[in-house]
Amino acid sequence: MLTQKQAEQYRKILNLKLQSLKVEVSKADAEKTQSEGEAHADWTDAATLETNKDIQLKILDRDKKMLEEICAALQRIELKTFGECSRCGERITDSRLKARPTTTLCIDCMSEVETLSSRYR
């Protein structure tokens with residue numbers, strides 16, 4: 001279980017990431033809206049625009065997923081379950097939490113999940 005000081009440190013880190021991502025998502029949404037109204041006479045310009053839109057959408061989707069993960073991690077801090085592996089219940093190491101504070105799995109369980117998923121590819 002995390003100490004109060006550790007919980008506050010992770011809460012601060014996650015809130016900073018949350019605010020930063022919210023700004024990025026807002027910018028991306030605005031750019032997406034702006035680019036939707038643009039017309040291009042040249043088919044190569046239109047193709048480039050479509051490719052750029054696809055990339056922007058993938059980045060936006062990734063950022064929105066990260067927002068959800070951060071909010072879930074903040075909720076786990078409030079519930080005092082942050083840092084516990086959701087699979088085995090063991091404590092997730094501090095080095096893993098520092099590297100990826102939104103993680104829900106310890107390194108052993110994550111390795112097992114990755115091994116299992118690679119078998120079915």
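For the structure itself, look to the data block above.
Here the structure is a predicted model, which is why all the values come from computation and not from measurement.

Caption draft 1: Looking closely at the pattern of salt bridges. In the structure shown here, the tally under the stated rule is 8 salt bridges. Here Arg-62 and Asp-63 are joined by a salt bridge, their closest N and O atoms 3.1 Å apart. Of the residues examined, Asp-63 reaches a relative accessible area of 9% and is grouped as buried. Each of Glu-8, Arg-11 and Glu-78 takes part in one network of salt bridges that share partners.

Caption draft 2: Fine view of the nonpolar core. Among the nonpolar cores identified, the biggest contains 21 residues, and Tyr-10, Leu-14, Ile-70, Leu-74, Ile-77, Phe-82 and Cys-85 are the most heavily contacted of them. Looking at this core, the elements with two or more residues in it are α1 (4-36) and α2 (43-78). If near-sequence neighbours (up to four positions away) are discounted, Ile-77 is found in contact with Ala-7, Tyr-10, Arg-11, Leu-14 and Phe-82.

Caption draft 3: Focus on the side chain of Thr-103. Mapped onto the elements of the fold, Thr-103 is located in the loop between α3 (94-99) and α4 (107-119). Accessibility expressed as a relative area gives 6% for Thr-103, which makes it buried. Among the polar contacts listed, one links the side chain of Thr-103 to the side chain of Arg-96, at a separation of 3.0 Å. Among all residues touching Thr-103, those that are not within four sequence positions of it are Arg-76, Ile-92, Arg-96 and Leu-97.

Caption draft 4: Structural context of the side chain of Thr-102. Note that Thr-102 resides in the loop between α3 and α4. Of the residues examined, Thr-102 reaches a relative accessible area of 10% and is grouped as buried. Separated by 3.5 Å, the side chains of Thr-102 and Glu-69 make a polar contact. Beyond its immediate chain neighbours, meaning those up to four positions away, Thr-102 contacts Leu-14, Met-66, Glu-69, Ile-70, Ala-73 and Arg-76.

Calculation rules
- Residues numbered from 1 in each chain as written.
- Predicted model: local features only at pLDDT ≥ 70, side-chain atom pairs only at ≥ 80, totals over all residues.
- Heavy atoms only, no water.
- Salt bridge = Lys/Arg side-chain N within 4 Å of Asp/Glu carboxyl O.
- Buried < 20%, exposed > 50% of the residue type's maximum accessible area, 1.4 Å probe, protein only.
- Core = buried A, V, L, I, M, F, W, Y, C linked by side-chain atoms within 4.5 Å.
- Helix = DSSP H or I, 4+ residues; strand = E, 2+ residues; numbered from the N terminus.
- Contact = heavy atoms within 4.5 Å.
- Polar contact = N/O pair within 3.5 Å; in protein donor to acceptor, adjacent residues only side chain to side chain.

Limitation: the analysis is restricted to geometry and does not speak to function.
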